[in-house]
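Residue-level listing of the chains:
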Amino acid sequence: MRALTSYVAIGDSFTEGLDDWRADGTPRGWADRLAERLAIDRPGFSYANLAVRGKLFDQVVADQIPVAEQLTPDLITFCAGGNDIIRFQCDTDELAARFDDALGRLVATGAEVLIFTGFDLGRMHLLLRRLRGRVACFNEMMRASAERHGCRVVDLWAMDVLADPRAWGRDRLHLTPDAHERVALRVLEVLGEPGVEDWRTPWPAAEPAPWRHRQQEDLRWVRDFVMPYVKGRLSGRKTGDGYLPKRPELAPLLPLDGSHPAH
């Protein structure tokens, strides 16, 4: 693998870093944590994060890939399509064909490119579990694309710790800070970089929640997150409207960023 002196992250809310918040209210997330770790022994290491919450695949391709092509970094992480998968209708074959074209463009920059499978939703709420087959199908087509283009794959589906509901925030779509850290450690492992902890460490033992409590939590989730999402989709409102990339240009990670290594 080529020496890593620069890194560009491409994607949606997963890569932007929701729900891993800094003290100032901005998202950190696994990509920031990864960049912070890579920068430790690499003076001048530069990082850009072009990801924006709510973006569909074609928006990521149109808005972010041209920027990555101009920046020509040593490392690119590319995770997109999740917001397409959760829509009411999604043609995974057609989406995979567009993914393959986009991946070819990124590989042509000469960067080391990492892609990500979707998560295993088998232990999530029934409304999310119904998407499990769609995610698995798209995963396999992405793997085939990665093999064609010579890319590494970060297998989120196989990360059992992320199948635990405790890895997910209140909206059940975005990871908790600890889960973001585990993803960063997994990416370091795929890159062959040393990690200070093992992402496989089991979650602490938890007291079983009473059935009534679980039902109340499910009802709150439907009321506070599912219904607003459905209403937004029907009204044409897009989650990412009004948001811009948090790090649009390659720049060194400086102490004033408030950055510190993943641990």
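Since the structure is predicted, the reported quantities are computational estimates derived from the model, not experimental observations.

Enquirer: Please clarify how the overall build of the chain should be interpreted in this entry.
Expert: From N to C terminus, the chain includes nine helices and six strands. Looking at the chain as a whole, 48% of its 263 residues qualify as buried. Within the chain, contacts between residues separated by at least 24 positions form 76% of all contacts whose residues are at least 6 apart in sequence. When the accessible surface of the chain is summed, it comes to about 12900 Å², and 55% of that surface belongs to carbon and sulfur atoms.

Enquirer: What should I look at first to understand the packing of helix α3 (residues 57-71) against helix α5 (residues 92-107) in this one?
Expert: In a packed pair of helices, the relevant descriptors are the angle between the two axes and the axis-to-axis distance. The geometry of α3 relative to α5 is characterised by a closest axis approach of 10 Å and an angle of 5° between their N-to-C directions. Judged by the inter-axis angle, α3 sits roughly parallel to α5. Contacts between α3 and α5 involve Phe-57, Asp-58, Val-61, Ile-65, Pro-66, Ala-68 and Glu-69 on the former and, on the latter, Leu-95, Arg-98, Phe-99, Ala-102, Arg-105 and Leu-106. Here the residues of the contact of α3 with α5 sort into nine nonpolar, no polar and four charged.

Enquirer: Would you mind going over the sheet that holds strand β4 (residues 112-116) with me for this structure?
Expert: Spatially, six strands are ordered β5-β4-β3-β1-β2-β6 in an open sheet, and the strand pairing comes out mixed. Every interior strand has two partners, whereas the edge strands, β5 (152-154) and β6 (247-252), have only one. Along the sheet, successive strands turn relative to each other by an average axial angle of 15°, direction set aside. Two elements, strand β1 (residues 6-11) and strand β2 (residues 46-49), share four bridges in a ladder whose sense is parallel. When the bridges of β2 are listed, Val-8 appears paired with Ala-48.

Enquirer: Hey, could you run me through the nonpolar core in this one?
Expert: Within soluble globular proteins, side chains that are nonpolar tend to cluster in buried spots. Tyr-7, Ile-10, Trp-30, Phe-78 and Leu-162 are the most contacted members of the largest nonpolar core, which totals 65 residues. Tallying contributions element by element places helix α8 (residues 177-191) first for this core, with eight residues. When sequence neighbours within four positions are dropped, the list of residues in contact with Tyr-7 reads Trp-30, Ala-31, Leu-34, Ala-35, Phe-45, Ser-46, Tyr-47, Ala-48, Pro-73, Leu-75, Thr-77 and Leu-250.

Enquirer: Would you mind going over helix α7 (residues 132-149) with me for this structure?
Expert: Since one α-helical turn is 3.6 residues long, residues separated by three or four positions face the same way. If you check α7, its first and last C-alpha atoms are 26 Å apart, about what 18 residues at 1.5 Å a residue would give, namely 26 Å. Those residues of α7 that sit buried are Val-135, Phe-138, Asn-139, Met-142, Ser-145 and Ala-146. End-on, the buried residues of α7 take up no more than an arc of 125°, which puts them together on one face. Along α7, exposed side chains directed more than 90 degrees from the buried face belong to Glu-147 and Arg-148. Buried residues belonging to α7 abut α4 (82-85), α5, β4 and β5.

Enquirer: Sorry if this is basic, but what is going on with unusual backbone geometry here?
Expert: Peptide bonds are mostly trans, and most non-glycine residues show a negative phi. In this model, Leu-18 is joined to Asp-19 through a cis peptide bond whose omega is -5°. Looking at the element boundaries, Asp-19 is found in the loop between α1 (13-16) and α2 (29-39). Of note in the backbone geometry, Thr-72 takes a positive phi value of approximately 45° without being a glycine. Structurally, the position occupied by Thr-72 is in the loop between α3 and β3 (75-79). With relative accessibility at 46%, the residue Thr-72 sits in the partly exposed group.

Definitions and limits used
Residues numbered from 1 in each chain as written. Predicted model: local features only at pLDDT ≥ 70, side-chain atom pairs only at ≥ 80, totals over all residues. Heavy atoms only, no water. Helix = DSSP H or I, 4+ residues; strand = E, 2+ residues; numbered from the N terminus. Buried < 20%, exposed > 50% of the residue type's maximum accessible area, 1.4 Å probe, protein only. Contact = heavy atoms within 4.5 Å. Areas by Shrake-Rupley, 256 points an atom, 1.4 Å probe, with all protein chains shown as cover. Axes fitted to C-alpha atoms, helices over the stretch in contact; angles between N-to-C directions. Parallel < 35°, antiparallel > 145°, perpendicular 65-115°, else oblique. Nonpolar A, V, L, I, M, F, W, Y, C, P; charged D, E, K, R; others polar. Pairing = 2+ DSSP bridges. Core = buried A, V, L, I, M, F, W, Y, C linked by side-chain atoms within 4.5 Å. Expected span 1.5 Å × (residues − 1). Arc of directions from axis to C-beta.

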